[in-house]
Amino acid sequence: MPKAYWVAHVTVEDPTPYAIYAQGATAAFQKYGGRPLARGGRLVSLEGTERLRNVVIEFDSVEAALRCYESPEYQEAKKHRDGHALADLMIVEGVA
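Brief notes about the overall build of the protein
Stage number 1. Looking only at helices and strands, the protein has 3 helices and 4 strands in total.
Stage number 2. Secondary structure elements of the protein occur, N-terminal to C-terminal, as β-α-β-β-α-α-β.
Stage number 3. Compactness check: the protein gives a C-alpha radius of gyration of 13 Å against a globular reference of 12 Å for 96 residues, within 12% of the reference.
Stage number 4. Taken over the C-alpha atoms alone, the protein extends approximately 35 × 35 × 15 Å along its principal axes.
Stage number 5. Out of the 96 residues belonging to the protein, those deemed buried represent 32%.
Stage number 6. Sequence-distant contacts in the protein: of pairs separated by 6 or more residues, those separated by 24 or more amount to 77%.
Stage number 7. Of the roughly 5900 Å² of accessible surface on the protein, 55% is carried by carbon and sulfur atoms.
Stage number 8. Computed over 11 positive and 13 negative side-chain charges, the inter-centroid distance for the protein is 4 Å.

Here you go:
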């Protein structure tokens, strides 16, 4: 089964509630088997809309990534991001 990658491109508008979100999201990733590959860090923008915070979390499968996203833990954390950051979020299946 191919791995899956949770990919988020984020513009943080209010860092205080976003920090609460990040803490809760990290706990959810750990609980549901997510492994951070990139969180913030250096960005070289080549094309498209630039968002300064970019995150890639590896999961064992698309289903595992969806379980994390749909979990009560992540949804509770997400309340602190909503309205305080612009985010594009997707789950991408890796190559088998």
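Here we look at the pattern of salt bridges
Stage number 1. Applying the stated criterion across every chain yields a total of 8 salt bridges.
Stage number 2. E76 serves as the salt-bridge partner of K79, at 3.1 Å between the closest nitrogen and oxygen. In this pair, K79 and E76 are both assigned in helix α3 (residues 72–81), 3 residues apart and thus about one turn of the helix distant.
Stage number 3. For K78, the salt bridge identified is with D82, shortest N-O distance 3.0 Å.
Stage number 4. You can call D82 partly exposed: its relative accessible area is 37%.
Stage number 5. In the salt-bridge network here, residues are joined through shared partners; they are K3, R35, E58 and D60.

Brief notes about α3
In an α-helix there are 3.6 residues to a turn, and that puts residues three or four apart on one side.
Stage number 1. Buried within α3 are the following residues: Y74, A77, K78 and R81. Projection of α3 onto a plane perpendicular to its axis shows the buried side chains occupying an angular sector of 110°, all on one side. Exposed and oriented more than 90 degrees from the buried face of α3 are P72 and K79.
Stage number 2. Just past α3, the residue G83 takes up positive phi, approximately 85°.

Quick word on helix α1 (residues 15–31)
Stage number 1. Spanning 17 residues, α1 covers 24 Å between terminal C-alpha atoms, matching the ideal 24 Å at 1.5 Å per step.
Stage number 2. Listing the buried residues of α1 in full gives P17, Y18, Y21, A22, A25, A28 and F29. On an axial view of α1, the arc spanned by its buried residues comes to 145°, and they lie on one face. In α1, the exposed residues that point more than 90 degrees away from the buried face are T16, Q23, Q30 and K31.
Stage number 3. In this structure, the buried side of α1 is in contact with β1 (4–12), β2 (35–39), β3 (53–59), α2 (62–70), α3 and β4 (85–93).
Stage number 4. Positive backbone phi, at 85°, marks G33, one or two positions downstream of α1.

The rules behind the values
Residues numbered from 1 in each chain as written. Predicted model: local features only at pLDDT ≥ 70, side-chain atom pairs only at ≥ 80, totals over all residues. Heavy atoms only, no water. Helix = DSSP H or I, 4+ residues; strand = E, 2+ residues; numbered from the N terminus. Rg over C-alpha atoms; globule rule 2.2 N^0.38 Å. Buried < 20%, exposed > 50% of the residue type's maximum accessible area, 1.4 Å probe, protein only. Contact = heavy atoms within 4.5 Å. Areas by Shrake-Rupley, 256 points an atom, 1.4 Å probe, with all protein chains shown as cover. Lys, Arg positive; Asp, Glu negative; His and termini not counted. Charge placed at Lys NZ, Arg CZ, Asp CG, Glu CD. Salt bridge = Lys/Arg side-chain N within 4 Å of Asp/Glu carboxyl O. Arc of directions from axis to C-beta. Expected span 1.5 Å × (residues − 1).

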